[in-house]
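Analysis of the macromolecular model
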Amino acid sequence: MRYLTFALAKGRLAKKTLEIFEKIGITCEEIKDPTSRKLIFVNEELKLKFFLSKATDVPTYVEYGAADIGIVGKDTILEEGRKMYEVVDLGIGKCRMCVAGPESARELLQHHEQIRVASKYPNIAKDYFYNKKHQTVEIIKLNGSVELAPIVGLAEVIVDIVETGATLRENGLDVLEEICPLSARMVVNQVSMKMENERITKLINDLKSVL
Ligand SMILES: Nc1ncnc2c1ncn2[C@@H]1O[C@H](COP(=O)(O)OP(=O)(O)OP(=O)(O)O)[C@@H](O)[C@H]1O
Ligand SMILES: O=P(O)(O)OC[C@H]1O[C@H](OP(=O)(O)OP(=O)(O)O)[C@H](O)[C@@H]1O
């Protein structure tokens, strides 16, 4: 039997993902050691390998087959646009993709003004403004702390993840429009789905039974 390889998004989804796997008898104690610099972990008994990568790289590993399976947020799936199958909604990492900004930007949105939109998700922002709203905007790619952009005058609005709304609130910003709900998904390489169908189907069914 060959190894099935999992790419997990490191960061806030990792712990909850491992908790779900534990519920279906898939354990990997070593991966939980926060002091370790090791990148890849093996469960010899179940013939499984796990690695933690930057969330945005998970779809890349899965599309190329370097990982058979990935666990990653829907935001990253939409942004990266990789070829792979999305098979299970794990129901963790729930949040919303939103357009946010100061209340004063609401009018600019309504009047379809040519505004600047800052985001870690330029493709999602582009798709939303160009294809769904038919509004021409300038998109500025940032890599984090996006809420800063409207405060310091880099952009009128942002496209970003909102969970509790605390980050927006504490910075005097509001949700102006909702783009879509988000949560973590299991994704599968298209060839692996055929070659390892039995094992992967069992995994999907096991996961669905504990969610
Ligand atoms: N506030 C949040 N609430 C719920 N889920 C979130 C929240 N922020 C991010 N997520 C989900 O968790 C995933 C990973 O986010 P995380 O913050 O761990 O990494 P990141 O910000 O993409 O990476 P990095 O911090 O390395 O730049 C996101 O892609 C998203 O699906
Ligand atoms: O609605 P809230 O509960 O406040 O959560 C939303 C915040 O969480 C994420 O940021 P993250 O902590 O990943 O930092 P980043 O902005 O540097 O990516 C997201 O980008 C928001 O800033």
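Residues numbered from 1 in each chain as written. Chains lettered and ligands numbered in written order. Predicted model: local features only at pLDDT ≥ 70, side-chain atom pairs only at ≥ 80, totals over all residues.

Regarding the sheet that holds strand β7 (residues 116–119)
Applied cut-off: What makes two strands pair is DSSP finding at least two bridges between them. Per the convention used, a helix needs a DSSP run of H or I reaching at least four residues, while a strand needs a run of E reaching at least two, with both numbered from the N terminus. Here an angle of 0 to 180 degrees is reported between the N-to-C directions of two axes, which are lines fitted to C-alpha atoms, with helices fitted over the stretch in contact.
With mixed pairing, the five strands of this open sheet are ordered in space as β8-β7-β9-β6-β10. In this open sheet, the two strands that pair with only one neighbour each are β8 (138–141) and β10 (174–182). When the angles between neighbouring strand axes are averaged without regard to direction, this sheet yields 25°. Summarising the sheet, strand β6 (residues 95–101) and strand β9 (residues 157–162) pair through five bridges and their orientation is antiparallel. Its bridge partner lying in β9, Ala100 is registered against Ile158.

Some thoughts on the sheet that holds strand β4 (residues 69–73)
For clarity, the threshold we go by: We call two residues in contact when the distance between their C-beta atoms, placed using the backbone, is within 7 Å.
With mixed pairing, the six strands of this open sheet are ordered in space as β2-β3-β1-β4-β11-β5. Every other strand in the sheet has two partners, leaving β2 (40–43) and β5 (85–89) as the edge strands with one partner each. On average, each strand axis in the sheet is inclined to that of its neighbour by 25°, with strand direction left out of account. In terms of strand pairing, strand β1 (residues 4–9) meets strand β3 (residues 48–53) through six bridges, oriented parallel. Counted as the bridge partner of Ala9 is Ser53 from β3. Each of β1, β3, β4 and β11 (184–188) touches helix α1 (residues 14–23); the most contacted strand, β1, lies at about 140° to it. In the packing of helix α9 (residues 197–210) onto the sheet, contacts are made with β1, β5 and β11, and the angle to β5 comes to roughly 30°.

Quick look at the pairing of β11
The condition that has to hold: Backbone-placed C-beta atoms define the burial measure: a residue is buried with 20 or more other C-beta atoms within 10 Å of its own, exposed with 12 or fewer, and partly exposed in between.
Within β11, five of the five residues are buried, leaving the element largely enclosed by the surrounding structure. Side chains of β11 alternate between two faces, with Ala184, Met186 and Val188 and Arg185 and Val187 buried alike. Alignment of β4 against β11, held across five bridges, turns out to be antiparallel. From the neighbouring strand, Ile71 faces β11, where its bridge partner is Met186. Bridge count for β5 against β11 is four bridges, and the pairing is antiparallel. What sits directly across from Glu86, in β11, is Val187.

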